[in-house]
Amino acid sequence: MSTHINAPEGAIADKVLLPGDPLRAKFIAENFLEDVKCYNEVRGMFGFTGIYKGQKVSVQGTGMGQPSMAIYVQELFQFYNVQKAIRIGTCGSTNKDVHVRDLIIANGACTDSSLQTNRFGYLHYSPVPDFLLLDKAYHRAKELGFNTHVGPVISTDRFYDDNDNWKKFAKYGAIGIEMEAAELFTLAAQFNRKALAICTVSDSMVADEPETTAEERQTTFKEMMLLALDTIIEN
């Protein structure tokens, strides 16, 4: 057991999906996994383990933002020997060619987070995902016919940013804005694990497109869930 995950040894698979919303974790467990067992309810941050296509997979809620996610990811890596982790979450589009409900597979993450300056000081680390996971996800998305984009995302610490700092990153090619990927990639590098982030575009910062509702974000982004599951079980 760890401080924030009340799971006994062996309860968590070495492959874990990481939705920010614990209710999305519950939805995935109930709709995609078989023989499901709940291993964590601490602070309402649900964690489940089940079987997907014959393989043991876990899904763990992480909360919103990099500091919250960092707690759960570090504990999964450090105390539960998780080897592969895929974030599945929502993002805003910062590119007019990336539309609501499209998928983004992040090939890197820009960030304004003080977590990075706390680690590296004046140095500038470049958080990136595992290439093999990215490659598998991209080709599987194409096989399934999903509208998918690969590009860098912005992992911000501020949901409500009066300074619109995202525009600076978008000018240099970032195609989506979210709140967790950079820290996930950094922790994976620290612990020598494999990580990826797949996001569904829930709204657009640059185009007049209808924003998805909270319920839609929780229960209807099934393409992202399926893609992540198919990707994480491949060797």
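This is a predicted model, so every value here is computed, not measured.

The rules behind the values
Residues numbered from 1 in each chain as written. Predicted model: local features only at pLDDT ≥ 70, side-chain atom pairs only at ≥ 80, totals over all residues. Heavy atoms only, no water. Phe/Tyr/Trp six-rings, centres within 6.5 Å; stacked < 30°, edge-to-face > 60°. Helix = DSSP H or I, 4+ residues; strand = E, 2+ residues; numbered from the N terminus. Buried < 20%, exposed > 50% of the residue type's maximum accessible area, 1.4 Å probe, protein only. Salt bridge = Lys/Arg side-chain N within 4 Å of Asp/Glu carboxyl O.

### Some details on the packing of aromatic side chains
Phase 1 of the analysis: All chains considered together, the criterion is met by 4 aromatic pairs.
Phase 2 of the analysis: Between F77 and F191 the ring centres are 6.0 Å apart and the planes differ by 50°, which places this aromatic pair in the tilted class. Here F77, found in helix α2 (residues 66-80), pairs with F191, found in helix α6 (residues 181-191); they are 114 residues apart in sequence, far enough to count as distant.
Phase 3 of the analysis: Taking the relative accessible area as the measure of exposure, F77 reaches 2% and is therefore buried.
Phase 4 of the analysis: A residue is classified by how much of its surface remains accessible, and F191, at 18% relative accessible area, is buried.

### Regarding the pattern of salt bridges
Phase 1 of the analysis: In total, this model carries 10 salt bridges according to the counting rule given.
Phase 2 of the analysis: For the salt bridge of E180 with R87, the shortest nitrogen-to-oxygen distance reads 3.0 Å. Taken as a pair, E180 in the loop between β8 (176-178) and α6 and R87 in strand β5 (residues 84-93) lie far apart in primary sequence, 93 residues in all. Here the two residues E180 and R87 agree in accessibility, since each one is buried.
Phase 3 of the analysis: Where salt bridges share partners, they join K53, R140, E143 and D230 into one cluster.

What is shown is where atoms sit, not what they do.
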